[in-house]
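One-letter residues, chain by chain:
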Amino acid sequence: MADENGEERRTIHSRLRFLLVLILILAAISALLHLEKFRRLKDIGRGKEKLAALVRSRPVEATMARRARFYQIQYFLGYPPAASYAAADLARRIAAIDAPLRLLSVQIDPGVHDLGFELTVEAATGGPGEARRLAVFLERLRHVPNVVLADLSGPGAGIRGGGVRVYTLNGRAELQP
């Protein structure tokens, strides 16, 4: 019986030790988890402070303003050569129109976004085919790339010496920088 009592006490002691070790392990894990939670909350707090400082300094707006200023400068520095090239290109394309009318003058006025132009063309002595030749020239002019508008200006033709009729045409072309 004494043996059974001793055996029973050892079993109770071993169970108590096991329970005590288990409680200590669980307490240690709980403490480690709480420490980790506290550390992460501090990291979140530091992140919030950095974000608040970043929002206060407004770097996005400053970057956008610098970028807008850069593009404005690029536009104004690049406008004269772009307008010059576009005007020369338009003049070459108009001169290349194969038409029965003779081109006397080309005046191109660059605007901010487009090119205004005025053409003076000469038609040989009038006749039934003159209106058709003028219509063909206008149609070909309207098909020149970037030309958005081309039409006769004024009521009709002016007459020069020798029975030659002179027409003035106005139009607009897109400026492609």
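Remember, predicted model here, so these are calculated numbers, not experimental data. (Residues numbered from 1 in each chain as written. Predicted model: local features only at pLDDT ≥ 70, side-chain atom pairs only at ≥ 80, totals over all residues. Heavy atoms only, no water.)

Further remarks concern unusual backbone geometry. Positive phi values are uncommon outside glycine, yet Arg-58 reaches one of about 50 degrees. Checked against the element boundaries, Arg-58 lands in the loop between α1 (2-57) and α2 (59-95). Backbone geometry at Asn-146 places phi at a positive 75 degrees, although glycine is not the residue there. For Asn-146, the position within the fold is in the loop between α3 (130-142) and β3 (147-152). A relative accessible area of 33% means that Asn-146 is categorised as partly exposed. (Helix = DSSP H or I, 4+ residues; strand = E, 2+ residues; numbered from the N terminus. Buried < 20%, exposed > 50% of the residue type's maximum accessible area, 1.4 Å probe, protein only.)

Mean pLDDT over the protein chain stands at 84; residues scoring 70 or higher make up 89%. Confidence, read as mean pLDDT per element, is least for strand β4 (residues 158-159) in the protein chain (62) and greatest for α1 (89). (pLDDT = per-residue confidence, 0-100.)

Moving on, we get to the pattern of salt bridges. Oppositely charged side chains can form a pair if their charged atoms are brought close together. Counted under the stated rule, the structure contains nine salt bridges. Of the charged contacts, one joins Glu-36 and Arg-39 as a salt bridge, the two residues approaching to 2.5 Å between their closest N and O atoms. In this pair, Glu-36 and Arg-39 both sit in helix α1, three residues apart, roughly one turn of the helix. Residue Glu-36 is classed as partly exposed on the basis of its relative accessible area, which comes to 28%. Arg-39 is the partner of Asp-43 in a salt bridge, and the nearest nitrogen-oxygen pair spans 3.3 Å. Of this pair, Asp-43 and Arg-39 both sit in helix α1, separated by four residues, roughly a single helical turn. The exposure class assigned to Arg-39 is partly exposed, which follows from its relative accessible area of 41%. (Salt bridge = Lys/Arg side-chain N within 4 Å of Asp/Glu carboxyl O.)

Attention shifts here to the pairing of strand β2 (residues 114-123). Of all 10 residues in β2, eight are buried, a share of seventy percent or more. As paired strands, strand β1 (residues 102-110) and β2 are joined by eight bridges and run antiparallel to one another. Among the inter-strand pairings, Leu-103 is bridged to a residue of β2, identified as Val-121. Linking β1 back to β2 in an antiparallel pair, the connection comprises three residues. (Pairing = 2+ DSSP bridges.)

This part takes up the packing of aromatic side chains. When we look at a pair of aromatic rings, we describe it by the centre distance and by the angle of the planes. Evaluation of the coordinates by the stated rule reveals three aromatic pairs. One aromatic cluster is present, formed by Tyr-75, Phe-76 and Tyr-79 through successive ring pairs. (Phe/Tyr/Trp six-rings, centres within 6.5 Å; stacked < 30°, edge-to-face > 60°.)

Let us now look at the nonpolar core. Membership of the largest hydrophobic core comes to 24 residues, with the highest contact counts inside it found for Leu-90, Phe-117 and Leu-141. In contact with Leu-90, other than residues within four places in its own chain, are Ile-108, Leu-115, Phe-117, Val-144, Val-147 and Ala-173. (Core = buried A, V, L, I, M, F, W, Y, C linked by side-chain atoms within 4.5 Å. Contact = heavy atoms within 4.5 Å.)

Attention now goes to the side chain of Thr-120. Position of Thr-120 relative to the elements: it lies in strand β2. By relative accessible area, Thr-120 is classed as buried at 16%. Thr-120 has contacts with Arg-102, Leu-103, Leu-104, Ser-105, Val-166 and Tyr-167, leaving out every residue within four places of it along the chain.

Turning our eyes to something else, we now look at α3. Relative to the 18 Å expected for 13 residues at 1.5 Å per residue, α3 spans 18 Å between its end C-alpha atoms, a close match to the ideal helical length. If you check which residues of α3 are buried, you get Glu-130, Leu-134, Phe-137, Leu-138 and Leu-141. Angularly, the buried residues of α3 cover 100 degrees about the axis, an arc narrow enough to put them on a single face. Structurally, α3 contributes buried residues whose contacts are with α2, β2, β3 and β5 (165-174). (Expected span 1.5 Å × (residues − 1). Arc of directions from axis to C-beta.)

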